[in-house]
Amino acid sequence: MSDGNFNRALLPSTPYASGVKAGKAQERAHVEQAFRAWLRAELPELTADEVEAKVAAFKRLL
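Everything quoted here is computed from the prediction, not taken from an experiment.

Peer 1: What is the right way to read the packing of helix H2 (residues 16-42) against helix H3 (residues 48-61) from this model?
Peer 2: In a pair of packed helices, the angle between the axes and the distance between the axes together describe the arrangement. Where H2 meets H3, the closest approach of the two axes is 10 Å, and the angle between their N-to-C directions is 140°. As summarised for this structure, H2 and H3 are arranged oblique, according to the angle between their axes. As for how H2 packs across H3, the hand of that crossing is right-handed. Facing Arg28, Val31, Glu32, Phe35, Arg36 and Leu39 of H2, the residues of H3 in contact are Val51, Glu52, Lys54, Val55, Phe58 and Lys59. Among the residues making up the contact of H2 with H3, the classes are represented as 6 nonpolar, no polar and 6 charged.

Put into structure tokens, the structure is as follows:
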């Protein structure tokens, strides 16, 4: 009786899942950069610490 790992080893490799994860990570980075740029443009009176706090809160929502 074989185990699941042995059966998976016989299948061809599919990089789809790792590509999806990499794409999601890139998209999160782009969204964070866009949010920082928007925040600086819309609320220029914020200090650097306030911007970081708002970005951290935004990242938790993602």
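Peer 1: Would you explain the packing of aromatic side chains in this entry?
Peer 2: Think of a pair of aromatic rings as described by two things: how far the centres are apart, and how the planes are tilted against each other in angle. Applying the stated criterion across every chain yields a total of 2 aromatic pairs. Here Phe35 and Trp38 contribute two aromatic rings whose centre-to-centre distance is 6.0 Å and whose plane-to-plane angle is 25°, an arrangement assigned as stacked. Of the two residues, Phe35 and Trp38 both sit in helix H2, 3 residues apart, roughly one turn of that helix. In this structure Trp38 comes out as partly exposed when scored by relative accessible area, which is 46%.

Peer 1: Looking at this model, I keep getting lost on the environment of Lys59. Mind explaining?
Peer 2: With respect to the helices, strands and loops of the structure, Lys59 is situated in helix H3. On the basis of relative accessibility, which here comes to 41%, the residue Lys59 falls in the partly exposed class. Taking the C-alpha atoms as reference points, Lys59 and Glu32, separated by 27 residues in sequence, lie 7.4 Å from one another. Not counting chain neighbours up to four residues away, the residues in contact with Lys59 comprise Arg28 and Glu32.

Peer 1: Honestly, the nonpolar core in this entry has me stumped. Any pointers?
Peer 2: Nonpolar side chains in soluble globular proteins tend to end up buried together. Phe35, Leu39, Leu46, Val51 and Val55 form the largest nonpolar core, which has 5 residues in total. Contributing elements (two or more residues each) for this core: H2 and H3. Those residues in contact with Phe35 that sit more than four places away from it in its chain are Lys54, Val55 and Phe58.

Peer 1: Help me understand the pattern of salt bridges in this model?
Peer 2: Should their charged atoms come close, side chains of opposite charge can pair. All chains considered together, the criterion is met by 3 salt bridges. A salt bridge links Arg36 to Glu32, with the nearest nitrogen and oxygen atoms 2.9 Å apart. On the criterion of helical spacing, the pair formed by Arg36 and Glu32 is a turn pair, its members being 4 residues apart in helix H2. Assigned by exposure class, Arg36 and Glu32 land together as buried.

Calculation rules
Counting from 1, residues in each chain are numbered in the order their sequence is written. Restriction of local features to residues with pLDDT of at least 70 applies here, the model being predicted, together with a cutoff of 80 or more for giving and counting side-chain atom pairs; totals for whole chains, interfaces and linings are based on all residues. In computing side-chain properties, one takes all heavy atoms of the structure into account and sets aside hydrogens as well as water. Fitted lines through C-alpha atoms serve as axes, helices being fitted only where they are in contact, and the angles separating the N-to-C directions of these axes extend from 0 to 180 degrees. Numbered from the N terminus, helices here are DSSP runs of H or I no shorter than four residues, and strands are runs of E no shorter than two. Our angle categories are set so that under 35 degrees counts as roughly parallel, over 145 as roughly antiparallel, 65 to 115 as roughly perpendicular, and the remainder as oblique. By convention the crossing between two helices is left-handed if the near helix lies anticlockwise of the far one by an angle smaller than a right angle, and right-handed if it lies clockwise. Any two residues whose heavy atoms approach within 4.5 Å are treated as being in contact. Three residue categories are used. Nonpolar comprises Ala, Val, Leu, Ile, Met, Phe, Trp, Tyr, Cys and Pro, charged comprises Asp, Glu, Lys and Arg, and polar comprises the others, including Gly. By convention, a stacked pair of Phe, Tyr or Trp rings (six-membered ring in the case of Trp) has centres within 6.5 Å and planes under 30 degrees apart, an edge-to-face pair has planes over 60 apart, and any other such pair is tilted. Whether a residue is buried, partly exposed or exposed follows from its accessible area with a 1.4 Å probe, protein chains only, as a fraction of its type maximum: under 20%, in between, or over 50%, in that order. To qualify as a nonpolar core, a set must consist of buried Ala, Val, Leu, Ile, Met, Phe, Trp, Tyr and Cys residues joined through side-chain atoms within 4.5 Å. Every case where a carboxyl oxygen of Asp or Glu lies within 4 Å of a side-chain nitrogen of Lys or Arg is listed as a salt bridge.

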